[in-house]
Amino acid sequence: MYSPLFISRWNNKNWTVVGDSNTELNWAGEIKYPGYISEDLGLKVQNLGKSGSGWFNTWKAGYEAFYLRLDEVDKEADLITFLGGGNDYAETEKPFVLGTLGDTDALSSFYGALDHTISTAINMFPNATIATFTQFRRDVGQPTNPQLEAMVRAELEVTAKYGIPCSNLYHQANQYPWLTWYRERYMIDGIHLNDAGHKKLAFKMIPFIEGL
């Protein structure tokens, strides 16, 4: 990706990635976006991806929502990023409740879970740079979906409230999962990216991380 002469300011820094099955090292691909990014930028990765989890939803014990897993984050983390939302959309634990900006109860709404997670992380990790990536596109049979759009808007609003950088992958990652050829090349089931999909996504994420 980058020139071998390039040395990132993140070289040898600690990066904790919090996410769902598209972050977790699992059956969906041998190398996920943290692997490609760490290879280029020299970051040391703590992978806290857990299948079925989201900002708002838990799948089962050990796969809790992001706000319930903050104690697992490396206390020495230099960079902490969050990527998820697909399992909130899929309602892996409970029905989706969007809520409104200003909600702070993680149990009551998606807005509340976002607010609680971000505000708690800021206070728990005062020396870390914290950033988020919006949920990227998934196959809903058409280019976009009102609920996913609302979720992305919520994340952009809550991160803006706290001055936390947020990369809008949903609108800016050049993903087309409603198209057969795209799924065959990059997104094996319309939800999970394969290695090629993660490499493509990493190209979008690296400039954002370098700018933090």
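Quantities reported herein were computed from a predicted structural model and do not represent experimental measurements. (Residues numbered from 1 in each chain as written. Predicted model: local features only at pLDDT ≥ 70, side-chain atom pairs only at ≥ 80, totals over all residues. Heavy atoms only, no water.)

**A few points about the overall build of the chain**
Piece 1. Each helix and strand counted, the chain has seven helices and five strands in total.
Piece 2. Helices (α) and strands (β) of the chain occur, in sequence order from the N terminus, as β-α-β-β-α-α-β-α-β-α-α-α.
Piece 3. Against the compact-globule benchmark of 17 Å for 212 residues, the chain has a radius of gyration of 16 Å, which places it among compact chains.
Piece 4. With the C-alpha coordinates of the chain rotated into their principal frame, the extents come out at 50 × 45 × 30 Å.
Piece 5. The long-range share in the chain, meaning contacts at least 24 apart out of those at least 6 apart in sequence, stands at 71%.
Piece 6. Just so you have it, the chain exposes about 9200 Å², and 52% of that area is on carbon and sulfur atoms.
Piece 7. Considering the chain, the positive charge centre built from 18 side chains and the negative charge centre built from 25 side chains are found 4 Å apart. (Helix = DSSP H or I, 4+ residues; strand = E, 2+ residues; numbered from the N terminus. Rg over C-alpha atoms; globule rule 2.2 N^0.38 Å. Contact = heavy atoms within 4.5 Å. Areas by Shrake-Rupley, 256 points an atom, 1.4 Å probe, with all protein chains shown as cover. Lys, Arg positive; Asp, Glu negative; His and termini not counted. Charge placed at Lys NZ, Arg CZ, Asp CG, Glu CD.)

**Here's the deal with the pairing of strand E2 (residues 44-49)**
Piece 1. Bridge analysis of strand E1 (residues 14-19) against E2 gives six bridges, and the strand direction is parallel. Counted as the bridge partner of Thr16 is Gln46 from E2.
Piece 2. Each parallel crossover has a hand, and for E1 linked through helix H1 (residues 33-41) to E2 it is right-handed. (Pairing = 2+ DSSP bridges. Right-handed = clockwise from strand over helix to strand, strands pointing away.)

**A closer look at the sheet that holds strand E4 (residues 129-133)**
Hydrogen bonds between backbone groups are what pair the strands of a sheet, and the pairing can be parallel or antiparallel.
Piece 1. Taken in spatial order, the five strands make up an open sheet running E2-E1-E3-E4-E5, and their pairing is parallel. The outermost strands of the open sheet, each flanked by one partner alone, are E2 and strand E5 (166-167).
Piece 2. Sheet analysis places E4 next to E5, joined by two bridges and oriented parallel. Opposite Phe133, over in E5, you have Ser167 as the bridge partner.

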